[in-house]
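Analysis of the macromolecular model
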Amino acid sequence: MNELAQILSESVTRLFEDLATREVLEEAETGIWPENLWKELEEMGVMQALVPEESGGVGASWNEVESVIRAAGRYCIPVPLVETMVASWLCSSCGLEVPKGILTLAAGGKLEGSGSKVKGVLDRVPWGGRATAILAEAVIDGEDSIVLLEPDSGEKLAGQNLAKEPRDTLSFTNCAILTGNPLSKDFPKGLVELYGALARSVQITGALENLLGESVQFANDRVQFGRPIGKFQAIQHQLAILASETAAARAASSAACTAADSKKAFFEIAVAKARSGEAAGIGSKIAHATHGAIGFTYEHALHFTTRRLWSWRAEFGAEAVWRDRLGEKALDRGADNLWTDLVSQ
Amino acid sequence: MYDFQFEPCQLPDDTQALRAEVREFLKENLEGFPAVKKAATWQGFDSEFTRKIGERGWIGMTWPKKYGGHERSALDRYVVLEEMLAAGAPVAAHWIGDRQTGPLLLRYGTEEQRQEFMPAIARGEGYYCIGMSEPDSGSDLASMRTKAERVDGGWVINGSKLWTTHAHRCNQMVALIRTNPDPDSKHTGLSQFLLDMDIEGIDPRPIRDLSGSEHFNEVVFKDVYVPTERLVGEEGQGWQQVMAELAFERSGPERYLSSFLLLRELVKEVDPSDGTARRLVGRCIAHMATLRLMSLSVAGMLNEGKAPALEASVVKDLGTSFEQELPELVHDLLGIEPDPDGDTDLAQVLSYLTQVAPSFSLRGGTREILRGIIARGLGLR
Ligand SMILES: Cc1cc2nc3c(=O)[nH]c(=O)nc-3n(C[C@H](O)[C@H](O)[C@H](O)COP(=O)(O)OP(=O)(O)OC[C@H]3O[C@@H](n4cnc5c(N)ncnc54)[C@H](O)[C@@H]3O)c2cc1C
């Protein structure tokens, strides 16, 4: 980790430690916005970490913010920091001015329009109802474009994921966009889903790191049959699998961040989301098995992480979606290119 | 808690020319090899092929030139290995010498031992096997009983080794032998020796595996005399020396590519519009790409002189699980019969891999032992 990454990661971790408390997580699930946490993050300037300096950001690379996003996953922070970071980066990458406030990413649904007006539906947008602006793809006058919209100009249907994070559906009828641009070669169709998937795979890694730490701790503390359950080989081997899955998610998501910095990241992100999504399922299962009944209660904090993992692995394309894309390409290219393609990424 | 470190490792651009060279070589030299033979890769013993690889300078690549090596980087070596495995080259004859014996001698061997043995390995003419397991000592390796007793000018060995891969085809065995019978010195009473396979009293007997093929052996030692010069490293340090090798042994590309040829045949045979096949292939690619990152990462760390033993165990556990799963996935997907005499390469390769797959998580330390090592790393033991 270089110096910038270190500073970013240490300062957000300190903040999360202080402000992403259980109380805050619980309140957020009832719809209370953690204003304090959000304000601190805004003041820190971390939302614009990926935005180039000349556009008012920090100019950090994906690899440099990777640890921030992982920490956001590890602490289950109940604000759209990650969405805002990615949306800000995509705005500046697509030549749009980066708006202030809460930004979010809409990967599901469909928008089309002409001139500066669009209509259509955006499905299950993270914090879509609360955002200042939503970044989405739209077909405008037949051209694939990226646009920013205000949620208030549409009709909102509030929804939530398993972790009770807001996932709001917005319908627009003849709504004026804030700004927009045609898509470019470096950022082609599917970019919102793609980079959303990257962010989720890094968050999943952080969440898995949390499961691993908590599960090992629990196994060392909980005593049955006169000894800590971590002394039982069956538990040890399950936790070894959890550690290996966590390491796999980390390796895949980290490589995807490196690739994102070079803007040719489709393969790496597909691998990262497919692999980390699989690890999320295995990891959650093992963490719950290790924790016994107490981990199945609302009282115990384990579920804040596992409910996120079960949702995050499905958002911005579940394993099935990314596997299909990887598989389609491989079958299309044929057996003779299978290995050469794998190592040329 | 231990934090597993898989530092990213990117292959330098100049490995591309080497990769192209290796591919060219393989295309020429694997012409006409049946798919099922390719599927054996690092199980396939072919001294003629190995000699050709030696001629190209692709054995002992990282070793000093004065020992027959080529002073190239560990990452160059990695590229050669993964290309060989992915193409299904029969590389068993030099695999152990290149992976283990050379590095062992570089670390612990005497100058004479290096000069005597390493150049032959690098030429593709020195074939090595590893004598560790015994009839009563598998996972509990340190319980081994084959013993060496000191005599004038050397040692006399009695006992037996079991499962010694290719012992009947190799020139030399690197054997781990008990030199101190004191029960208190379970781990400190072991030493490593280099044994010529053709000397008096060593008798390798091939054992047929479940498929009927013969690669591993029982090797009986009856009053085998070895001169002191054949002790490798220090007397009583054998256990430590062997443990130091494990990171090399457990993290290479052979730990996730053993079934690659099956995936290749599958991609060749299935209908590209078959949605189930597509999804399965995509999942395999996600696994392979991730395993490669992890395996390369360990190679990079080894290259920098680090000893990522835990990470290597993670790679082997995940990698062999994937290799073992592949024949099951293909069976599930296609429901074809694994037929050694089948009409298609796919049926033949499936038949071969279905039968060898159980060994993937046994050789080099069982899955259970690896998970125990990882759990210790996590602070649970
Ligand atoms: C194809 C093949 C090639 C081989 N080549 C070589 C070679 O060249 N040289 C060589 O020295 N050896 C070789 N081996 C031997 C290999 O290293 C051993 O098979 C391995 O170490 C396991 O020993 P074992 O077979 O005696 O099984 P055992 O140790 O008897 O184990 C049987 C089962 O019990 C489990 N078990 C054992 N102890 C524990 C424990 N403490 N906790 C939980 N579970 C446990 C094991 O994981 C396994 O599932 C080879 C094996 C195979 C299959």
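Residues numbered from 1 in each chain as written. Chains lettered and ligands numbered in written order. Predicted model: local features only at pLDDT ≥ 70, side-chain atom pairs only at ≥ 80, totals over all residues. Heavy atoms only, no water.

**Focus: the overall build of chain A**
Each helix and strand in chain A was counted, giving 11 helices and 10 strands. For 345 residues, the compact-globule estimate of 2.2 N^0.38 gives 20 Å, and chain A sits close to it at 20 Å. Judged by the C-alpha coordinates and their principal axes, chain A covers about 70 × 55 × 40 Å. Here chain A holds 345 residues, and 58% of them are scored as buried. Expressed as a percentage of contacts within chain A between residues at least 6 apart in sequence, the contacts between residues at least 24 apart total 71%. Looking at chain A as shown, the accessible area adds up to about 13800 Å², and 50% of this sits on carbon and sulfur atoms. If the 33 positive side-chain charges of chain A are averaged to one point and the 46 negative ones to another, these points end up 5 Å apart. (Helix = DSSP H or I, 4+ residues; strand = E, 2+ residues; numbered from the N terminus. Rg over C-alpha atoms; globule rule 2.2 N^0.38 Å. Buried < 20%, exposed > 50% of the residue type's maximum accessible area, 1.4 Å probe, protein only. Contact = heavy atoms within 4.5 Å. Areas by Shrake-Rupley, 256 points an atom, 1.4 Å probe, with all protein chains shown as cover. Lys, Arg positive; Asp, Glu negative; His and termini not counted. Charge placed at Lys NZ, Arg CZ, Asp CG, Glu CD.)

**So, the domain arrangement of chain A**
Residue and element names in this part refer to chain A. Each domain of chain A was delimited in the assignment, giving domain 1 (1–94), domain 2 (99–183) and domain 3 (191–334). Centre-to-centre separation of domain 1 and domain 2, based on C-alpha positions: 22 Å. Facing 17 residues of domain 1, the contacting portion of domain 2 comprises 17 residues. Summing both sides of the interface, domain 1 and domain 2 together bury roughly 1400 Å²; the carbon and sulfur share of this comes to 67%. Where domain 1 packs against domain 2, one counts 0 salt bridges. Connecting domain 1 to domain 2 are 2 residue pairs in polar contact (both at pLDDT 80 or more). Elements with a contribution of two residues or more to the side of domain 1 that touches domain 2: α2 (22–29), α3 (35–44) and α5 (81–93). (Domains from an automatic or database assignment. Buried area = accessible area lost by both parts, 1.4 Å probe. Salt bridge = Lys/Arg side-chain N within 4 Å of Asp/Glu carboxyl O. Polar contact = N/O pair within 3.5 Å; in protein donor to acceptor, adjacent residues only side chain to side chain.)

**Focus on the confidence of the model for chain B**
The predicted model of chain B averages 95 in pLDDT, with 100% of residues at 70 or higher. The ipTM for the predicted assembly is 0.97, set against a pTM of 0.97. (pLDDT = per-residue confidence, 0-100.)

**Concerning the packing of helix α8 (residues 260–269) of chain B against helix α10 (residues 309–334) of chain B**
Residues and elements named next belong to chain B. Where α8 contacts α10, the axes come no closer than 9 Å and their chain directions differ by 25 degrees. When the axis of α8 is compared with that of α10, the two are roughly parallel. Between α8 and α10 the crossing geometry is left-handed. Within the contact between the two elements, α8 uses L262, L263 and L266 and α10 uses L326, P327, V330, L333 and L334. Per-class residue counts for the contact of α8 with α10 are 8 nonpolar, no polar and no charged. (Axes fitted to C-alpha atoms, helices over the stretch in contact; angles between N-to-C directions. Parallel < 35°, antiparallel > 145°, perpendicular 65-115°, else oblique. Left-handed = near helix turned anticlockwise from the far one by under 90°. Nonpolar A, V, L, I, M, F, W, Y, C, P; charged D, E, K, R; others polar.)

**Side note on the site of the ligand**
The environment of the ligand is made up of 14 residues, and the closest members are S139(B), W163(B), T165(B), T366(B) and E368(B). One chain alone does not account for the residues near the ligand; they come from chains A and B. The contact in question runs from a nitrogen atom of the ligand to an N or O atom on the backbone of I130(B), over 2.7 Å. In the environment of the ligand, an oxygen atom lies 2.8 Å from a nitrogen or oxygen atom belonging to the backbone of S133(B). If the ligand stood free it would expose 970 Å²; the protein chains cover 65% of that surface. Per-element tally for the shell around the ligand: the top contributor is strand β3 (residues 154–165) of chain B, with 3 residues. Residues of the shell around the ligand, tallied by class, amount to 5 nonpolar, 8 polar and 1 charged. (Near = heavy atom within 4 Å.)

**A few points about the interface of chain B and chain A**
Contacts between chain B and chain A engage 48 residues on the former and 44 residues on the latter. Carbon and sulfur atoms supply 72% of the area that chain B and chain A bury against each other, a total of about 3800 Å² over both sides. Considering only the side of chain B, the residues that lose the most area to chain A are R278(B), R279(B) and L380(B), jointly responsible for 17% of the buried surface there. For the interface between chain B and chain A, the tally reads 3 salt bridges. The closest approach of N and O atoms between R279(B) and D324(A), which form a salt bridge, is 2.8 Å. Joining chain B to chain A, the criterion identifies 9 residue pairs in polar contact (both at pLDDT 80 or more).

**Quick look at the packing of aromatic side chains**
As enumerated under the stated definition, the model contains 18 aromatic pairs over all chains in all. Judged by centre distance (5.5 Å) and plane angle (65 degrees), the ring pair of W339(A) and F260(B) falls under edge-to-face. Here W339(A) is found in helix α11 (residues 335–344), whereas its partner F260(B) is found in helix α8 on a different chain. What makes W339(A) buried here is its relative accessible area of 6%. Taking relative accessible area as the criterion, F260(B) reaches 2% and is therefore assigned buried. Where W42(B) meets W95(B), the ring centres are 6.0 Å apart and the plane angle is 40 degrees; that geometry is what we call tilted. Of the two residues, W42(B) sits in the loop between α2 (35–38) and α3 (47–55) while W95(B) sits in helix α5 (residues 92–108), which places them 53 residues apart along the sequence. Taking relative accessible area as the criterion, W42(B) reaches 9% and is therefore assigned buried. Look at W95(B) and you get buried, because its relative accessible area is 3%. (Phe/Tyr/Trp six-rings, centres within 6.5 Å; stacked < 30°, edge-to-face > 60°.)

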